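Observations on the model geometry
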Amino acid sequence: MVHKVLFWGGFGIAVRLWQLGIEMRPILAKESLWVYPLFAGVGGSFGYWLQGVEDRQLKILAQRREAILEKRRRRDEREGALGALEAGSLAAAS
């Protein structure tokens, strides 16, 4: 989780640097240094939120996977029981 927050925090700083580059303003002007932590915080917050989204999606996928596997188990048991009944009825008919 920390890597996503750090990455997006760094991305926020990169966006600020890009913004200043487009505006052709000095990168380390004293009056605008307070903005860097703001951009890093916004980017880090996005990374934290994105990690939560990923965790919820992985949890949903795991639940769906288990449901599908359980469904397949029940189908295989049902088909196995049906196959045994057919084999028994064929043996009795012979």
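No experiment lies behind these values; they were computed from the predicted model shown.

To continue, consider the UniProt feature "transmembrane region" (unreviewed entry) in the chain. According to UniProt, the "transmembrane region" (unreviewed entry) feature falls on residues 33-50. Between the end C-alpha atoms of residues 33-50 there is a gap of 27 Å, over a span that is 89% helix and 0% strand.

It is worth spelling out the pattern of salt bridges at this point. Evaluation of the coordinates by the stated rule reveals four salt bridges. Here glutamate 54 ties to lysine 4 by a salt bridge, and the two come within 2.8 Å at their closest N and O atoms. Here lysine 4 lies in helix 1 (residues 2-23) and glutamate 54 lies in helix 2 (residues 35-93), a separation of 50 residues in the sequence. Here aspartate 76 makes a salt bridge to arginine 75, at a shortest N to O gap of 3.7 Å. Owing to a relative accessible area of 44%, aspartate 76 belongs among the partly exposed residues under this scheme. With relative accessibility at 37%, the residue arginine 75 sits in the partly exposed group.

With the rule as written, the count across this model stands at five aromatic pairs. Centroid distance tryptophan 8 to phenylalanine 11: 5.2 Å. Interplanar angle 75 degrees. Geometry classified as edge-to-face. Of this pair, tryptophan 8 and phenylalanine 11 both sit in helix 1, three residues apart, which is roughly one turn of that helix. We classify tryptophan 8 as partly exposed; its relative accessible area is 21%. Judged by its relative accessible area of 43%, phenylalanine 11 falls in the partly exposed class. With a centroid separation of 4.8 Å and 80 degrees between ring planes, the pair formed by tryptophan 8 and phenylalanine 46 is classed as edge-to-face. Residue tryptophan 8 is found in helix 1, and its partner phenylalanine 46 is found in helix 2; the two are separated by 38 residues along the sequence.

Glancing now at helix 1. Structural remark: α-helix, 3.6 residues per turn; residues separated by three or four positions point the same way. Compared with the 32 Å implied by 1.5 Å per residue over 22 residues, the 32 Å span of helix 1 between its first and last C-alpha is a close match. Considered for burial, the residues of helix 1 that qualify are Gly9, Gly12, Arg16 and Leu20. Taken end-on, helix 1 shows its buried residues confined to a sector of 75 degrees, consistent with a single buried face. Counted as exposed and oriented over 90 degrees from the buried face of helix 1: His3, Phe7, Trp18 and Ile22.

We now examine a nonpolar patch on the surface. On the surface, a nonpolar cluster with roughly 430 Å² of combined accessible area is contributed by Ile13, Leu17, Ile27, Leu28 and Leu33. You can see isoleucine 13 is positioned in helix 1. The partly exposed category is assigned to isoleucine 13, whose relative accessible area is 32%.

Rules of the game
Residues numbered from 1 in each chain as written. Predicted model: local features only at pLDDT ≥ 70, side-chain atom pairs only at ≥ 80, totals over all residues. Heavy atoms only, no water. UniProt positions renumbered as here; feature names shortened; annotations may be inferred. Helix = DSSP H or I, 4+ residues; strand = E, 2+ residues; numbered from the N terminus. Salt bridge = Lys/Arg side-chain N within 4 Å of Asp/Glu carboxyl O. Buried < 20%, exposed > 50% of the residue type's maximum accessible area, 1.4 Å probe, protein only. Phe/Tyr/Trp six-rings, centres within 6.5 Å; stacked < 30°, edge-to-face > 60°. Expected span 1.5 Å × (residues − 1). Arc of directions from axis to C-beta. Patch = residues over 30% accessible without salt bridge, like charges linked within 9 Å, V, L, I, M, F, W, Y side chains within 5 Å. Areas by Shrake-Rupley, 256 points an atom, 1.4 Å probe, with all protein chains shown as cover.

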